[in-house]
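Structural overview
What follows is the residue order along each chain.
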Amino acid sequence: MHDDIPITGYHRGEPIPDLCRLPGQRWREVLKPLCPVTRRRAVRQRGHTGRCRGGAALVGLLMVEDPPPGDLPPATPLRFYGLRPGTFARLLTVRGVDAALYEKRRAG
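These notes cover the structure that comes with them. Not measured: the values here are computed from a predicted model. (Residues numbered from 1 in each chain as written. Predicted model: local features only at pLDDT ≥ 70, side-chain atom pairs only at ≥ 80, totals over all residues. Heavy atoms only, no water.)

Okay, the overall build of the protein chain next. For the protein chain, the helix and strand inventory stands at 5 helices and 2 strands. What you see in the protein chain, going N to C, is helices and strands ordered as β-β-α-α-α-α-α. The 108 residues of the protein chain split such that 28% are buried. Here the analysis covers contacts within the protein chain between residues at least 6 apart in sequence; of these, 42% occur between residues at least 24 apart. Only carbon and sulfur atoms are counted for the fraction: they give 59% of the accessible area of the protein chain, which is about 8000 Å². (Helix = DSSP H or I, 4+ residues; strand = E, 2+ residues; numbered from the N terminus. Buried < 20%, exposed > 50% of the residue type's maximum accessible area, 1.4 Å probe, protein only. Contact = heavy atoms within 4.5 Å. Areas by Shrake-Rupley, 256 points an atom, 1.4 Å probe, with all protein chains shown as cover.)

Right, dumping it as structure tokens:
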């Protein structure tokens, strides 16, 4: 037990709630403060039957409701594309030129 919540163990210091032993009405309150990985571990426990689908949907809803991560470092967008800065600049230039040529062809 952890703060009156039955648990099955811990994941990186967070308790993994035993959803099998909790009524469905309490799942939201129990899962909300957890990180997304711990939420998914709680839903994937053995012993769940059809109730897992509701838990998986709830985990998805909670992910949408979570606040976005804090300020991103300046180079992070480049990592999203998996490109070096020079390659990313070239890609943007080519796309810009293609768009300008398309507009010119369309206009005339």
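Let's shift gears to a positive patch on the surface. Taken together, the side chains of Arg 12, Arg 40, Arg 41 and Arg 44 define a basic patch exposed on the protein surface. With respect to the secondary-structure elements, Arg 12 resides in the loop between strand S1 (7-11) and strand S2 (14-17). In this structure Arg 12 comes out as exposed when scored by relative accessible area, which is 79%. (Patch = residues over 30% accessible without salt bridge, like charges linked within 9 Å, V, L, I, M, F, W, Y side chains within 5 Å. Salt bridge = Lys/Arg side-chain N within 4 Å of Asp/Glu carboxyl O. Lys, Arg positive; Asp, Glu negative; His and termini not counted. Charge placed at Lys NZ, Arg CZ, Asp CG, Glu CD.)

For the structure on display, the rule yields 4 salt bridges. A salt bridge links Asp 4 to Arg 26, with the shortest nitrogen-to-oxygen separation between them at 3.7 Å. Of this pair, Asp 4 sits in the segment before S1 while Arg 26 is found in the loop between S2 and helix H1 (27-31), placing the two residues 22 residues apart along the sequence. When its relative accessible area of 52% is taken as the criterion, Asp 4 is described as exposed. A salt bridge links Asp 18 to Arg 21; the nearest nitrogen and oxygen atoms lie 3.7 Å apart. Owing to a relative accessible area of 10%, Asp 18 belongs among the buried residues under this scheme. Taken together, the shared-partner salt bridges connect Asp 4, Arg 26 and Glu 29 into one network.

What follows is about helix H2 (residues 36-43). Every buried residue of H2 is listed here: Thr 38, Arg 39, Ala 42 and Val 43. The arc that holds the buried residues of H2, viewed along the axis, is 140 degrees, so those residues lie on one side. (Arc of directions from axis to C-beta.)

Before going further, it helps to spend a moment on the pairing of S2. Side chains Glu 14 and Ile 16 of S2 all project onto a buried face; the interleaved residues Pro 15 and Pro 17 project onto the opposite face, where all are buried too. Inspection of the sheet shows S1 paired to S2 by 4 bridges, in the antiparallel sense. Paired with Gly 9 across the bridge in S2 is Ile 16. Following S1, the chain reverses through 2 residues before pairing antiparallel with S2; Arg 12 in that reversal takes a positive phi of roughly 50 degrees. (Pairing = 2+ DSSP bridges.)

Turning our attention to the side chain of His 11. Looking at the secondary structure, you find His 11 in strand S1. Using a relative accessible area of 12% as the deciding quantity, one classes His 11 as buried.

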